[in-house]
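Topology and contacts: notes
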Amino acid sequence: MKKKLLTAVFLVVSLAFGLVGCSNPTGGSKPVEDAKTQFKSEIKFYGSTTLAPVVSQLSTNFNERYATWDKVDSQFDKKDIAIYVSGAGSSAGVKSVIDGVSDFGMASRQVSDEEKAKIEGYQDFKLGMDALTISVNPKNNLIKLKDSLTSEEIKKIFSGEFKTWNDVDPSLSKTEIVVVTRDIGGGAHEVFQKAIMGDAKVRADVIQAPSMGALVTKIIENENAIGYASYGMVNQNKGKLTPFKVDGIEPSSENILNGTYKISRPLIILKKGSLLPQEKAFMDYVVSDEGMDIIEKLGFVPNK
Amino acid sequence: MNQTLEKLFILLSTIFTVISAVLLFLVIIFIAKESMLIFQEVNFFDFICGLTWNPLAGEPRVGILPMILATFYVSIVAILISLPIGIGCALELAALENERLKSFCTSILGVLAGIPSVIYGLIGLLVVVKFLEKKFMLAAGESILSGGIVLAVMVLPYIVSSAAETMEKSYVQYKETSLALGVSKSYMLRALILPNAKGAILTSMILAFSRAMGETMAVMMVIGNSPILPKLLGKGETIPALIALEIGTAGLGSLHYHALFTAGFVLMIFLIFLNALFYTTQKV
């Protein structure tokens, strides 16, 4: 019995030591000045899964060119450039900035005023636009009949009022329409919901694709599928899926940038408070011509 | 000196054991804590038996019955497909005399178990889903059946390995006697080995079932993720798929967030129950 007690005591003590040991190096109680003089070589990006590959490509290029911070600017310390990008959704990105757990948030939707109010010294960088195209498989016979869908038609297709392609146009066969969406709570769906659906609900038996890539794959693989593929994805898979005009307006880069094309969303990087010099150096690179080229290459409409 | 080392070793292993046990309880407590909050807003039975999942609507509804049913449905389909294959494979492995061939087959099964689930999902999406679309003239091949088929392949190694072990033992035990009595190999397998391995088969089934219930990525990619009541050739959404799909966008502390946690809690209860069953069958 005594032995057991001893073990237990030892356990508790060792755990306590362990915890204390963990907290020491990060030093919650270090003086503020010390933290300021310490050069921060890491930048953390968090948020939209649409933007994550973009920023990670930009950071890779930035890293390849400079490798260490002192090569970016001789005033910086000689430390490895470490830019971490993780995708978790726009709302999570905004949340991370509010909570201060990331240096930058990535959002592929407008940041609401309510959210902005929660961020002290809010500032944002608009990288460009991403548009959702209403796309179908090239083998779908609807594209032979028309090249434009009205918002009303799209709404009826997605809400389940039109069940078969025959409902959309009497000359089409009576095969079921396969509607593909992203997850209903996600940023892409929010854009679509606002632009097209309004208060109407999408039908319950839609296929919720876990990623934009999976959504596009589904449209490429299935002749009866329709879904909102992003503009970038359509460009990357030219010929494999066919986008419709919406209310007669083509999803072209001009129409998207000037806002006449309805179903689009901005790509925003947001920040709480002022930028550290090294953060500014990276953001300058992001909004440079070269950075914009990369954004365009990845299939988005750069803000230029 | 040696004794101190010995004591130190005993102490360390005790500590690590306690830590891993404590870890389990911490996880359970954390999830339970996060999920209990929802019952302030939603009735327990409405949550378990509710048919509509729409946590973001003006009047949020969080019923997870379709997800619970889909989770079981997919797993049962998977077991129904993989059990006959698995048992056949285990029998063959047990009776195989050629040691090199046997170890080759075993290592292949090991590799099968090691393939990342996302790869299974991808193959499922491009092969199984496509196949079902063509074969059954479905508009969309995403269905409970496709999820079941993909899962069947994934749980096969678990069924085979746990069943083959027992079968091999009894094969060795009865081999001489059977040879002496002059019964054929197939009779021996049918009349002796198979009935003897009943318990092991049941155990392997439970193990595979709990594996199947928890599988997330592969299922999520081929099942369509529609929160509706599951039909064999219709879409469905399992609890792990629901959580993986929506937790990223659920606002921290919102009803949606807690509902997802509670769904996870329900799944965990089922799995703990299955694990308990697993241990009791193993003892028999």
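These numbers were taken from a predicted model, which means no experiment stands behind them.

Definitions and cut-offs
Residues numbered from 1 in each chain as written. Chains lettered and ligands numbered in written order. Predicted model: local features only at pLDDT ≥ 70, side-chain atom pairs only at ≥ 80, totals over all residues. Heavy atoms only, no water. Buried < 20%, exposed > 50% of the residue type's maximum accessible area, 1.4 Å probe, protein only. Helix = DSSP H or I, 4+ residues; strand = E, 2+ residues; numbered from the N terminus. Pairing = 2+ DSSP bridges. Contact = heavy atoms within 4.5 Å. Buried area = accessible area lost by both parts, 1.4 Å probe. Salt bridge = Lys/Arg side-chain N within 4 Å of Asp/Glu carboxyl O. Polar contact = N/O pair within 3.5 Å; in protein donor to acceptor, adjacent residues only side chain to side chain. Core = buried A, V, L, I, M, F, W, Y, C linked by side-chain atoms within 4.5 Å. Domains from an automatic or database assignment.

Before going further, it helps to spend a moment on the pairing of strand 11 (residues 264-272) of chain A. Residue and element names in this part refer to chain A. Of all nine residues in strand 11, eight are buried; the element is thus mostly enclosed. Note that strand 3 (residues 104-107) and strand 11 share four bridges and pair antiparallel. Bridge pairing in strand 11 links Phe104 to Lys271. Pairing between strand 4 (residues 122-136) and strand 11: nine bridges, direction antiparallel. When the sheet's bridge partners are listed, Phe125 is paired in strand 11 with Ile269.

Turning to the environment of Ser210 of chain B, a few remarks are in order. Residue and element names in this part refer to chain B. Along the chain, Ser210 falls in helix 8 (residues 198-214). Under the relative-accessibility criterion, Ser210 is labelled buried at 13%. Each C-alpha atom, one on Ser210 and one on Phe270, is 8.5 Å from the other, the two residues being 60 residues apart in sequence. In this structure, Ser210 is in contact with Leu271 and Leu274, ignoring residues within four places of it in sequence.

On the chain A side, the residues contacting the 31 residues of chain B number 26 residues. Both sides of the chain B and chain A interface together cover about 2300 Å² of buried area, and 61% of this is carbon and sulfur. For the pair chain B and chain A, the interface holds three salt bridges. Of the charged contacts in the structure, one is a salt bridge between Lys218 of chain A and Glu133 of chain B, with a shortest N-O distance of 2.9 Å. Summed over the shared surface of chain B and chain A, the number is eight residue pairs in polar contact (both at pLDDT 80 or more). Among the secondary structure elements, those contributing two or more residues to the side of chain B that touches chain A are helix 1 (2-36), helix 5 (117-135), helix 9 (217-222) and helix 10 (239-246) of chain B.

Residue and element names in this part refer to chain A. Across the six residues of strand 8 (residues 225-230), six count as buried, placing the element largely inside the fold. Burial of the side chains of strand 8 extends over both faces: Ala225, Gly227 and Ala229 are buried on one face and Ile226, Tyr228 and Ser230 on the other. Two strands pair when backbone bridges link them, and strand 4 and strand 8 are joined in this way by five bridges, in the antiparallel orientation. Within the sheet, the bridge partner assigned to Leu132 lies in strand 8 and is Ser230. Pairing analysis gives three bridges linking strand 6 (residues 178-181) to strand 8, with the strands arranged parallel. Residue pairing for strand 8: Val178 is matched across the bridge by Ala225.

Our next topic: the nonpolar core. Counting 62 residues, the largest nonpolar core has Phe47, Trp53 and Met167 of chain B as its most contacted members. At 13 residues, the largest contribution of residues to this core is made by helix 3 (residues 65-95) of chain B. Non-local contacts of Met167 of chain B, meaning those with residues more than four positions away in its chain, are made with Ile87, Ala90, Leu91, Ala94, Ile193, Leu194, Ala197 and Ile201 of chain B. Within the second largest apolar cluster, 48 residues are counted, among which are Leu142, Ile157, Phe158 and Trp165 of chain A.

Now for the domain arrangement of chain A. Residue and element names in this part refer to chain A. Taken domain by domain, chain A comprises domain 1 (8-21 + 41-130 + 266-302) and domain 2 (131-264). In this structure, domain 1 and domain 2 have C-alpha centres spaced 31 Å apart. Between domain 1 and domain 2, the residue contacts involve nine residues of the former and 12 residues of the latter. Here domain 1 and domain 2 share an interface that buries about 930 Å² over both sides, 58% of which is from carbon and sulfur atoms. When the area that domain 1 buries against domain 2 is broken down by residue, the three leading residues are Met129, Asp130 and Val301, summing to 52%. Here domain 1 is connected to domain 2 by zero salt bridges. At the junction of domain 1 with domain 2, the criterion picks out zero residue pairs in polar contact (both at pLDDT 80 or more). Those elements giving two or more residues to the side of domain 1 that touches domain 2 turn out to be strand 4 and strand 12 (301-302).

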